[in-house]
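So the chains spell out like this:
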Amino acid sequence: MHELSIAISMIDQITEESESRGGLDVEAVHLKLGAFSGVDKEALLFAYELACEGSLLEGSRLVIETIPLVIYCDACQKNRVPPSLYQLSCPECGSPGQKIVSGREIEVTSLEVAA
Amino acid sequence: MSARMVEVRAKVLKQNDLLARTLRERFRREGTCVVGLVSSPGSGKTAFLEKLLAGLAQDSRVAALVGDLATENDAARLRRATPDVRQINTGTVCHLDAQMVEKALESWHLDRIDFLFIENVGNLVCPSSYDLGEELRFVLLSATEGEDKPLKYPTIFNSSDVAIITKMDLAEAAEFDLPAARRNIDSVRPGMQVFEVSAKTGFGMQAVFDFLHAQLARARQPQVAATRA
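Small disclaimer: the values here were computed from a predicted structure and weren't measured.

Rules used throughout
- Residues numbered from 1 in each chain as written.
- Chains lettered and ligands numbered in written order.
- Predicted model: local features only at pLDDT ≥ 70, side-chain atom pairs only at ≥ 80, totals over all residues.
- Helix = DSSP H or I, 4+ residues; strand = E, 2+ residues; numbered from the N terminus.
- Rg over C-alpha atoms; globule rule 2.2 N^0.38 Å.
- Buried ≥ 20, exposed ≤ 12 C-beta atoms within 10 Å, placed from the backbone.
- Contact = placed C-beta atoms within 7 Å.
- Pairing = 2+ DSSP bridges.
- Axes fitted to C-alpha atoms, helices over the stretch in contact; angles between N-to-C directions.
- Nonpolar A, V, L, I, M, F, W, Y, C, P; charged D, E, K, R; others polar.

Visitor: Please explain the overall build of chain B as it appears in this structure.
Guide: Within chain B, the secondary structure is distributed over nine helices and eight strands. The globule rule puts the C-alpha radius of gyration for 229 residues at 17 Å, and the 19 Å found for chain B is close to it. Principal-axis analysis of the C-alpha atoms gives chain B an extent of 65 × 45 × 45 Å. Going through the 229 residues of chain B one by one, you find that 43% of them count as buried. Taking contacts inside chain B between residues at least 6 apart in sequence as the whole, the part at least 24 apart equals 75%.

This is the structure:
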């Protein structure tokens, strides 16, 4: 359950961002979350709400976009979505996938602020 | 009320990643080979580390940081092999982060240490997100845990560099399916190097010592390529 640590890091970062822009009234936070990030979406949503209490972000929404795991297949020379998170191989040719292209993201992409 | 969008694009663990990168550069500069250990609770991390420290201490200078929620028990055990052991108590936090490592290193002379091991909190989920600046990450899996652990925790196996199968002396009694375990490890991290060991009998430990010595020698080779830049 490190989702609470993740949520606190997010809030710290956004608070800093807000201060550098002269104070923002944040209504929603958009986050890209990789399927292979090791962070659970539901747990993060729960932790976010808790962590926001008493902070600048209290009452804001967290909007999570899940990014699928994509590997690069050396044999096909193409990006591929593996059959599952525990089988990192090419769905077309079966070659093992050594390189992860995406799916590890934990990234705040944008904020919705009151105009 | 209308809202406007503000682009941010910030990695949530940027602070940790930056600090981990600084630590990694420092370890390389000082010539210390740093290895992180992750596993579930009770998979034999501390017993393995005890043997590792004792074996390497024959001809190398070794040190360890051990993370636990509470108690100094692990550090006390490891101090039988080397006095350079520090415990990191995380309180309620389920993983180590780069800042805890940096703090624990205070006043240590890294240039006098060949191998530093960082034993994470027993947990196969949370530590995978936090880079500690280590050169290599070992993930441990005990023969008594069952061969499908890698499939259940693919993120941590994938984020590790070497898999260590521990408690091999119990493999037969536990009806451990070794070929399946190796297949599963290879499925989540194709090409991953695997060692089979028993800390109790010493089986397989020499191969790990040899591997680490080779790592250290490689890290300390004059950087021919680097001078070109």
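Visitor: Is there a simple way to think about the sheet that holds strand β4 (residues 78-80) of chain A in this case?
Guide: Backbone hydrogen bonds hold the strands of a sheet together, and the pairing may be parallel or antiparallel. Residue and element names in this part refer to chain A. On the basis of which strands lie adjacent, the open sheet formed by three strands has the order β4-β3-β5 and antiparallel pairing. Either end of the sheet is taken by a strand with one partner, and the two such strands are β4 and β5 (99-102). Averaged over all neighbouring strand pairs, the angle between strand axes comes to 40°, with direction disregarded. As defined by bridge partners, strand β3 (residues 70-73) adjoins β5 across three bridges and the pair is classed as antiparallel. Within β5, the residue paired with Y72 across the bridge is K99.

Visitor: I'm lost on the interface of chain A and chain B in this one. Help?
Guide: Interface size is commonly expressed as the accessible area that is lost once the parts come together. At the interface, 31 residues of chain A touch 29 residues of chain B. Elements with a contribution of two residues or more to the side of chain A that touches chain B: α1 (3-20) and β6 (106-114) of chain A. At nine residues, the largest contribution of residues to the side of chain A that touches chain B is made by β6(A). Among the residues forming the side of chain A that touches chain B, the class breakdown is 16 nonpolar, eleven polar and four charged. With seven bridges joining them, β6(A) and strand β1 (residues 3-11) of chain B adopt antiparallel strand pairing. Across the sheet, the residue bridging to L111(A) is V6(B), located in β1(B).

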